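Commentary on secondary and tertiary structure
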Amino acid sequence: MTEELKTYAPPPALAATAHVSGMAAYEALCQEAENDHTGYWGRLARELVSWKKPFTKVLNDSEAPFFKWFEDGTLNASYNCLDRNIERGLGDKTALIFEADGGEVTKTTYAELLAKTCQIANGLKSLGVAKGDRVVIYISMSVDGVAAMQACARIGATHSVVFGGFSAQSLRDRIEDTGAKAVITADHQIRGGKQLPLKAIVDEAIGLGGCDTVKNVLVVKRSGAEVAMTAGRDLWMADVVSGQPTTCEPEWVEAEHPLFLLYTSGSTGKPKGVQHSTGGYLLHAALTTKWTFDLRADDIFWCTADIGWVTGHTYIAYGPLALGGTEIVFEGVPTYPDAGRFWKMIQDHKVSIFYTAPTAIRSLIKAAETNDTVHPKHYDLSSLRILGSVGEPINPAAWEWYHHHVGGGRCPIVDTFWQTETGGHMITPLPGATTLVPGSCTLPFPGISAAIVDETGNDVPNGQGGILVVKKPWPSMIRTIWGDPARFKKSYYPSELRGYYLAGDGAIRDAKTGYFTITGRIDDVLNVSGHRMGTMEIESALVSCTELVAEAAVVGRPDDTTGEAICAFVVLKRPRPTGEEAKAIAKQLRDHVGKEIGPIAKPKDIRFGDNLPKTRSGKIMRRLLRAIAKGEAITQDTSTLENPAILDQLSQNN
Ligand code: PRX
């Protein structure tokens, strides 16, 4: 961050009425949390969440880092998101505005969403799904998807949503790890005018073995096209819910009861099942929606994430509903029928708060540059008042374009830094308080003790980069890795960091303002289009193509559109291919990775070598591969390299 960068103060009208109004209000909240951390969170938990049995204790840290929040309180997340709003007179208010891929719009009120949720909940109960059971949800963006999540929450079943772009193998791994009793899916998903299978992939996943815990597969009709149904196991959702009562007494669960598991990539091979609580998670979902987006009764909120990712959990399935908001649920893609889709939807639905990823913005900038008709200037975006960004760093050029062309120069952009593990925003501007600096996620959310330290946990001065940590626990933090508490401890609370939460990102604070800028992951995790991918996960997928691949190393390289791109260096079990043959094998390997993990993990570049740069002790020198992937000259020390000639070979071949 340099002094030449522009700054943007909050618009005075917004600042005057915002939930957190002005910097003094922000600072007062931070001070309140600083003076009495548990008192602060306890106050907010009472104000924002309805408890069946009020908690008497805010934090139990006796088994740190396995923290427990509000542990003797009971509640139900679905009660908080649905019934409570209806009791407050919002039954006829629109909860969800669903826009299908083809443009059809369906509005669902709070009363209707509750009825639907209760029917699914009763249907699940009739199949023997009960509190503590796991349910995998493999479905695209839909009212059914949101209702299915709410239905699980209603009966105390723990949901695990798997993004519809994951392959059968990935789905199988998640079903097995969760030990799910039921899978909720649809016949197909429709994206960009194409019909893509979902049910067939569930069948394939279960067919791969290890999914014996699954008693039923519930299938929502989307395409209406024929799909295979296994007798005794597969049921149409319509049949399961038909005749079920539209009311269902919520299962009152303890605050720590696992609301959901969500799998995310780490630096080792296997994705981790991040376990979230009910009480603490819901509090932060509601609180951050309220403060970061300044959500008001008449706002139309649109978070473009998929419910398969954490952003879709916190800022679609839970946060806005917990506050009685109205939100968009969009089935399609930003480029169909053309790259003006987002802008047209903002115009049509009078969206006032819009939350998306830098990758989407960058690709829409490109689209608008090549085809002026999809430029946002052709749409009426005057309903917008707040913009948000999430998932990866937003480069200042994209920030300025977003601010100027989408926000008309009047909407603050909240660049929200957080993670699957954190449950909600950690470092973010508050739109009525924080002066913005493009490219910086600015300051910690009140009560979040984000800091930058060195390898031994000592604070580093502002202006000097280091490791991003959170010093104190917070209510929506990851509770454990499902089935692997030792890995949880090792990954997030390494002993050398004095009990601080290790985010896995590097960061730097501005010397003058103290503003944070995230400098990227410090582990072997890549961020491609805002999707988290482990390099080892992709390497394992490549080497699982045993007939072809002897060895593989994967690194990231910067990419103008996707943030990072996946670059794989592969040694084959046959002589190094060149020309057309190399292209054909690269395609075969890409498809293989697509099948093993999902299309999002397909490497952009695949380079073949006779071997990989290794130290004499056999360790792959990834920093050299990173330089080669970027097309940089190798300036690093290569004296420890076993086979220096390989660098030329890998640099030359593409
Ligand atoms: O590297 C950071 C990046 O995304 C990672 C978290 O990914 P995931 O768990 O998939 O959650 C994404 C949605 C919250 C982080 O470790 N990241 C997320 N938000 C930002 C970011 N990097 C920079 N700026 C952000 N605003």
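A quick note: this is a predicted structure, and the numbers were derived from the prediction, not measured.

A word on the overall build of the protein chain. Along the backbone of the protein chain there are 19 helices and 30 strands. Here the C-alpha radius of gyration of the protein chain, 24 Å, is about what a compact globule of 654 residues would show, namely 26 Å. Principal axes of the C-alpha set define a box for the protein chain whose edges measure 75 × 65 × 60 Å. Taken across its 654 residues, the protein chain has 60% of its residues classed as buried.

Turning to the UniProt feature "domain: AMP-binding enzyme C-terminal" (unreviewed entry) in the protein chain, a few remarks are in order. Per the UniProt record, "domain: AMP-binding enzyme C-terminal" (unreviewed entry) is found at residues 537–619. Along residues 537–619 one finds 30% helix and 30% strand; the C-alpha atoms at either end are 18 Å apart.

Now for the sheet that holds strand β24 (residues 501–509). The pairing of strands in a sheet comes from backbone hydrogen bonds and takes either a parallel or an antiparallel form. Strands sit in the order β21-β22-β24-β25 across an open sheet of 4 strands; the sheet is antiparallel. Taken across any chain shown, the strands that pair with only one partner, and hence form the sheet edges, are β21 (450–453) and β25 (516–521). Within the sheet, the average angular offset between the axes of one strand and its neighbour, ignoring direction, is 45°. As paired elements, β21 and strand β22 (residues 466–470) share 4 bridges and run antiparallel to each other. Across the sheet, Ala450 pairs through a bridge with Val470, a residue of β22.

Attention now goes to the nonpolar core. Counting 162 residues, the largest nonpolar core has Trp41, Tyr318, Val570 and Leu589 as its most contacted members. Among the elements that make up this core, the one with the highest residue count is helix α6 (residues 143–155) (9 residues). If near-sequence neighbours (up to four positions away) are discounted, Tyr318 is found in contact with Ala77, Cys81, Met149, Gln150, Ala153, His159, Leu259, Tyr281, Leu282, Ala285 and His313. Of all hydrophobic cores here, the second largest spans 33 residues; its members include Met345, Ala398, Ile413 and Leu436.

Another point: the UniProt feature "domain: Acetyl-coenzyme A synthetase N-terminal" (unreviewed entry) in the protein chain. In the numbering adopted here, UniProt assigns the feature "domain: Acetyl-coenzyme A synthetase N-terminal" (unreviewed entry) to residues 26–81. What you have in residues 26–81 is 48% helix and 11% strand, and the ends, taken at the C-alpha atoms, are 26 Å apart.

Attention now goes to unusual backbone geometry. Following Ala64, the chain continues into Pro65 via a peptide bond in cis, with omega recorded as 5°. Inspection of the secondary structure puts Pro65 in the loop between β1 (59–60) and β2 (68–69). Note that the residue after Tyr336, namely Pro337, is joined by a cis bond; omega there is -5°. Summarising the element assignment, Pro337 is placed in the loop between β17 (326–330) and α12 (341–349). Look at Thr442: it is not a glycine, yet its phi comes out positive at around 65°. Structurally, Thr442 can be placed in the loop between β20 (413–416) and β21. A relative accessible area of 0% means that Thr442 is categorised as buried.

Before going further, it helps to examine the site of the ligand. Lining the immediate surroundings of the ligand are 16 residues, of which Asp415, Thr420, Asp505, Arg521 and Arg532 lie closest. Taking 540 Å² as the accessible area of the ligand by itself, protein coverage stands at 95%. Contributions of two or more residues to the shell around the ligand are made by β20 and β25. By residue class, the composition of the shell around the ligand is 5 nonpolar, 6 polar and 5 charged.

This brings us to the pairing of strand β4 (residues 94–99). With 6 of 6 residues buried, β4 is to be regarded as a mostly interior element. Summarising the sheet, β4 and strand β5 (residues 105–109) pair through 5 bridges and their orientation is antiparallel. When the bridges of β5 are listed, Ile97 appears paired with Lys107. Hairpin connection, β4 to β5: the antiparallel pair is bridged by 5 residues, and Gly103 has positive phi, about 105°. With 4 bridges joining them, β4 and β17 adopt parallel strand pairing. Bridge pairing in β17 links Ile97 to Ile328.

Its 14 residues place the ends of helix α10 (residues 279–292) 20 Å apart at the C-alpha level, agreeing with the 20 Å of an ideal helix rising 1.5 Å per residue. Taking burial as the measure, the 14 residues of α10 include 13 buried ones, the bulk of the element. Trailing α10 by a residue or two, Asp294 shows a phi angle of about 50°, which is positive.

Moving on to the packing of aromatic side chains. Under the criterion given, the structure shown has 33 aromatic pairs. Relative to Phe166, the ring of Phe163 lies with its centre 6.2 Å away and its plane at 90°, an arrangement referred to as edge-to-face. Accessibility classification places Phe163 together with Phe166 in one group, the buried group. Here the aromatic rings of Phe488 and Tyr493 are separated by 6.0 Å at their centres, their planes lie at 55°, and the arrangement is tilted. Just as Phe488 is buried, Tyr493 falls in that class too.

On the basis of which strands lie adjacent, the open sheet formed by 7 strands has the order β5-β4-β17-β16-β18-β19-β20 and mixed pairing. At either margin of the open sheet sits one strand with a lone partner, and together these are β5 and β20. Ignoring strand direction, the axes of neighbouring strands in this sheet form an average angle of 20°. Judged from the 4 bridges that link them, strand β18 (residues 353–356) and strand β19 (residues 386–390) form a sheet pairing that is parallel. Following the sheet pairing, Tyr355 is matched in β19 by Gly388.

Glancing now at helix α13 (residues 358–370). Relative to the 18 Å expected for 13 residues at 1.5 Å per residue, α13 spans 19 Å between its end C-alpha atoms, a close match to the ideal helical length. Turning to α13, its buried residues number three or more, namely Pro358, Thr359, Ala360, Ile361, Arg362, Leu364, Ile365, Ala367 and Ala368. Buried-residue contacts for α13 involve α12, β18, β19, α14 (396–406) and β29 (563–572).

As for its position among the elements, Thr434 is in the loop between β20 and β21. Residues Thr434 and Ile175, spaced 259 residues apart in sequence, show a C-alpha to C-alpha distance of 43 Å. Filtering out sequence-adjacent residues up to four positions away, Thr434 remains in contact with Tyr8, Pro10, Met23, Pro429, Thr442 and Tyr515. At 2.8 Å, the side chain of Thr434 and the backbone nitrogen of Leu430 are in polar contact.

Let us now look at the pattern of salt bridges. Taken as a whole, this structure holds 39 salt bridges when the rule is applied. With its nearest N and O atoms 2.8 Å apart, the salt bridge here joins Arg172 to Glu176. With a gap of 4 residues between them, Arg172 and Glu176 both fall in helix α7 (residues 168–178), about one helical turn apart. Notably, a salt bridge pairs Asp203 with Arg233, separated by 2.9 Å at the nearest N-O pair. A residue pair is termed long-range when its members are at least 10 positions apart, and Asp203 in helix α8 (residues 199–207) and Arg233 in the loop between β11 (216–220) and β12 (234–236) qualify at 30 residues. Among the residues examined, Arg233 registers a relative accessible area of 15% and is labelled buried. Within the structure, one salt-bridge network assembled from shared partners comprises Lys199, Asp203, Arg233 and Asp234.

About the cut-offs
- Residues numbered from 1 in each chain as written.
- Predicted model: local features only at pLDDT ≥ 70, side-chain atom pairs only at ≥ 80, totals over all residues.
- Heavy atoms only, no water.
- Helix = DSSP H or I, 4+ residues; strand = E, 2+ residues; numbered from the N terminus.
- Rg over C-alpha atoms; globule rule 2.2 N^0.38 Å.
- Buried < 20%, exposed > 50% of the residue type's maximum accessible area, 1.4 Å probe, protein only.
- UniProt positions renumbered as here; feature names shortened; annotations may be inferred.
- Pairing = 2+ DSSP bridges.
- Axes fitted to C-alpha atoms, helices over the stretch in contact; angles between N-to-C directions.
- Core = buried A, V, L, I, M, F, W, Y, C linked by side-chain atoms within 4.5 Å.
- Contact = heavy atoms within 4.5 Å.
- Near = heavy atom within 4 Å.
- Areas by Shrake-Rupley, 256 points an atom, 1.4 Å probe, with all protein chains shown as cover.
- Nonpolar A, V, L, I, M, F, W, Y, C, P; charged D, E, K, R; others polar.
- Expected span 1.5 Å × (residues − 1).
- Phe/Tyr/Trp six-rings, centres within 6.5 Å; stacked < 30°, edge-to-face > 60°.
- Polar contact = N/O pair within 3.5 Å; in protein donor to acceptor, adjacent residues only side chain to side chain.
- Salt bridge = Lys/Arg side-chain N within 4 Å of Asp/Glu carboxyl O.

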